[in-house]
Amino acid sequence: MKLADNKATLSFSNGSASIDLPVYRGTVGPDVIDIRKLYAQTGMFTYDPGFLSTAACQSAITYIDGDKGELLYRGYPIEQLATTCDFMETCHLLLYGRLPDIAAKAEFTQRVTYHTMVNEQMQFFLRGFRRDAHPMAIMTGLVGALSAFYHDSTDIHNPEHRDISALRLIAKMPTLVAMAYKYSAGQPFMYPKNSLSYAGNFLHMMFATPCEDYVVNPVIERALDRIFVLHADHEQNASTSTVRLCGSSGTNPFAAIAAGVACLWGPAHGGANEACLNMLEDIQAMGGIAKVGQFMEQVKDKNSGVKLMGFGHRVYKNYDPRAKLMQETCKEVLASLGLENDPLFKLAMALEKIALEDDYFVQRKLYPNVDFYSGIVQRAIGIPVSLFTAIFALARTVGWIAQLNEMIGDPEYKIGRPRQLFSGSTRRDVLPIAQR
Ligand code: CMC
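Residues numbered from 1 in each chain as written. Predicted model: local features only at pLDDT ≥ 70, side-chain atom pairs only at ≥ 80, totals over all residues. Heavy atoms only, no water.

Caption draft 1: Fine view of unusual backbone geometry. Positive phi is not limited to glycine here, since Arg74 has a value of about 50 degrees. Inspection of the secondary structure assignment puts Arg74 in the loop between strand S5 (70–73) and strand S6 (76–77). For Arg74, a relative accessible area of 23% puts it in the partly exposed group. Positioned with a positive phi, Glu235 is a non-glycine residue whose angle comes to about 40 degrees. Residue position: Glu235 is located in the loop between helix H9 (218–231) and helix H10 (238–247). We classify Glu235 as partly exposed; its relative accessible area is 21%. (Helix = DSSP H or I, 4+ residues; strand = E, 2+ residues; numbered from the N terminus. Buried < 20%, exposed > 50% of the residue type's maximum accessible area, 1.4 Å probe, protein only.)

This is the structure we're talking about:
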């Protein structure tokens, strides 16, 4: 870590001695004040619920400038990656820090492809779920269960194990998500087809049946690949921080990624794409565009508990660059499927327009995020709404595993152990039950 040329001085109004704290400078972004010795020097903790001002690690993977609306994977702007590279290239970049050349890409793709099948036993595990189980409940279980099936790659201190686990997770997530879908649809599982691209193979496992040939639509394949690229990593968000915290205990990568899947499920995080589509459908059922004004009044009323899903972000205080790319993809997919007049897309555009002009949203710097349009694309592709977050998990797996492996390789890494401001009862004695 590089020391900045200044330091921070913390002083106290009660006359306690002030202390100097080192300041570190990243390659870009805010400096950080090193408070690791604060407790030893002052007996005090810092208080930052929700990590509004806390950098929990140092990372060289993804950088977001929330004010500019900029997202970089290993320094490359998301706009360039989404238009020039595919998901396999993006995975290589996130995992190993460099974009592959043609030969390296072919080799990496082959190494991933080699692992696309899951142990045949996995389907019996899956069959234990109710047919109507939510796909994220299934995914949390299946991903955690991978550690039981691939025990030969669970030693996080072995770099080869870490690499194979990463490849296995990236390769098997599409298979698991498609299996969860086929199970709920009551259709036979389709084995992966390694001659297809990563996105093409996923479409095949989702929509092919043994009865007839399935031809991958290249527009949809490209759209799905872009969804994967856009969701691949997003620095220290809730699920990534969960993966890091879980992995910091030394647990195996499959267990840590399962924790990430569980965290992603929530509607404030990855569950927002499903919640957003449900919201659009509800407004449509209320009367569509004519009811947008009424809906917005509810959103602005703090007592209603209604939020405009797909809007707002902890870091972006400007348009989420992924939302722009997703809107573009949305238009392309709808046009290619002859759905240009899709009422939900029109409704989303109307909501966006009103929100971007409304004082409530302008003052709070609330803009569309990636989830605002991704649901419409996925719905047009034929993906059921309840599967949206599982697809987000599939795409984010590479980011989670890259961040986890980065943490394990960091000599400064320690088990994550936040402290607290205790506000409960002070010591008291237990009375025998008859006297309470
Ligand atoms: N609709 C209405 N009001 C909102 C919204 C929204 N979507 N988002 C934030 N606000 C208000 C919030 O009520 C608060 O108002 P006030 O200052 O008057 O109390 C202000 O804006 C600041 O919001 P916050 O809750 O303090 O911001 P946060 O950083 O804690 O929350 C968020 C970020 C993403 C959880 C929140 O914006 C949200 O719940 N959005 C909807 C869910 C969503 O789309 N999530 C997907 C995020 S992107 C994909 C991902 O990374 O998973």
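After that view of the structure, there is still more to cover.
Caption draft 2: Up close: the environment of Phe129. Mapping Phe129 onto the fold places it in the loop between helix H5 (122–126) and helix H6 (135–149). If we ignore the near neighbours within four places in the chain, the residues touching Phe129 are Ala137, Ile138, Gly141, Leu142 and Tyr183. (Contact = heavy atoms within 4.5 Å.)

Caption draft 3: Inspection of the site of the ligand at higher detail. Of all residues adjacent to the ligand, which total 21 residues, the nearest are His269, Lys302, Leu308, Arg314 and Tyr360. Between the ligand and Asn369, the relevant distance is 2.9 Å, taken from an oxygen atom to a side-chain nitrogen or oxygen of the residue. The protein chains hide 74% of the 940 Å² of surface that the ligand would expose on its own. (Near = heavy atom within 4 Å. Polar contact = N/O pair within 3.5 Å; in protein donor to acceptor, adjacent residues only side chain to side chain. Areas by Shrake-Rupley, 256 points an atom, 1.4 Å probe, with all protein chains shown as cover.)

Caption draft 4: Quick peek at the packing of helix H17 (residues 371–381) against helix H18 (residues 388–409). Interhelical geometry of H17 versus H18 gives an angle of 110 degrees and a closest axis separation of 11 Å. Overall, the two elements H17 and H18 adopt an arrangement that is roughly perpendicular. Where H17 approaches H18, its residues Asp371, Gly375, Gln378 and Arg379 are matched on the opposing element by Phe388, Ile391 and Phe392. A class-by-class count of the residues in the contact of H17 with H18 yields 3 nonpolar, 2 polar and 2 charged. (Axes fitted to C-alpha atoms, helices over the stretch in contact; angles between N-to-C directions. Parallel < 35°, antiparallel > 145°, perpendicular 65-115°, else oblique. Nonpolar A, V, L, I, M, F, W, Y, C, P; charged D, E, K, R; others polar.)

Caption draft 5: Local environment of the packing of helix H3 (residues 87–96) against helix H7 (residues 159–185). Here H3 crosses H7 at 150 degrees, and the two axes come no closer than 12 Å. Put simply, H3 runs roughly antiparallel to H7. Of the two elements, H3 crosses H7, and the hand of that crossing is right-handed. Of H7, the residues touching H3 (which contributes Met88, Cys91, Leu95 and Tyr96) are Asp163, Ala166, Leu167 and Ile170. In terms of residue class, the contact of H3 with H7 is built from 7 nonpolar, no polar and 1 charged. (Left-handed = near helix turned anticlockwise from the far one by under 90°.)

Caption draft 6: Structural view of the pairing of strand S4 (residues 62–65). Side chains Thr62 and Ile64 of S4 all project onto a buried face; the interleaved residues Tyr63 and Asp65 project onto the opposite face, where all are buried too. Bridge count between S4 and S5: 4 bridges; the pairing is antiparallel. Along S5, the bridge assignment pairs Thr62 with Tyr73. Where S4 hands over to S5, the hairpin turn is made up of 4 residues, of which Gly69 adopts a positive phi near 75 degrees. (Pairing = 2+ DSSP bridges.)

Caption draft 7: View of helix H11 (residues 253–264). Here H11 spans 16 Å end to end across 12 residues, near enough to the 16 Å set by a 1.5 Å rise per residue. Where burial is concerned, most of H11 is hidden: 9 out of the 12 residues are buried. For H11, every residue scored as buried is listed here: Pro253, Phe254, Ala256, Ile257, Ala258, Ala259, Gly260, Val261 and Leu264. Buried-residue contacts for H11 involve H6, H7, H10 and H18. (Expected span 1.5 Å × (residues − 1).)

Caption draft 8: The environment of Pro188, seen in detail. By the secondary structure assignment, Pro188 is in the loop between H7 and helix H8 (198–207). The exposure class of Pro188 is partly exposed, given its relative accessible area of 43%. Those residues in contact with Pro188 that lie beyond four places of it in its chain are Lys182 and Pro210.

Caption draft 9: How the structure looks around the state of the cysteines. Enumeration over the complete set of coordinates arrives at 0 disulfides. Cys276 provides the cysteine sulfur closest to Cys330, a residue in no disulfide bond, and the two sulfurs are 10 Å apart. (Disulfide = S-S within 2.5 Å.)

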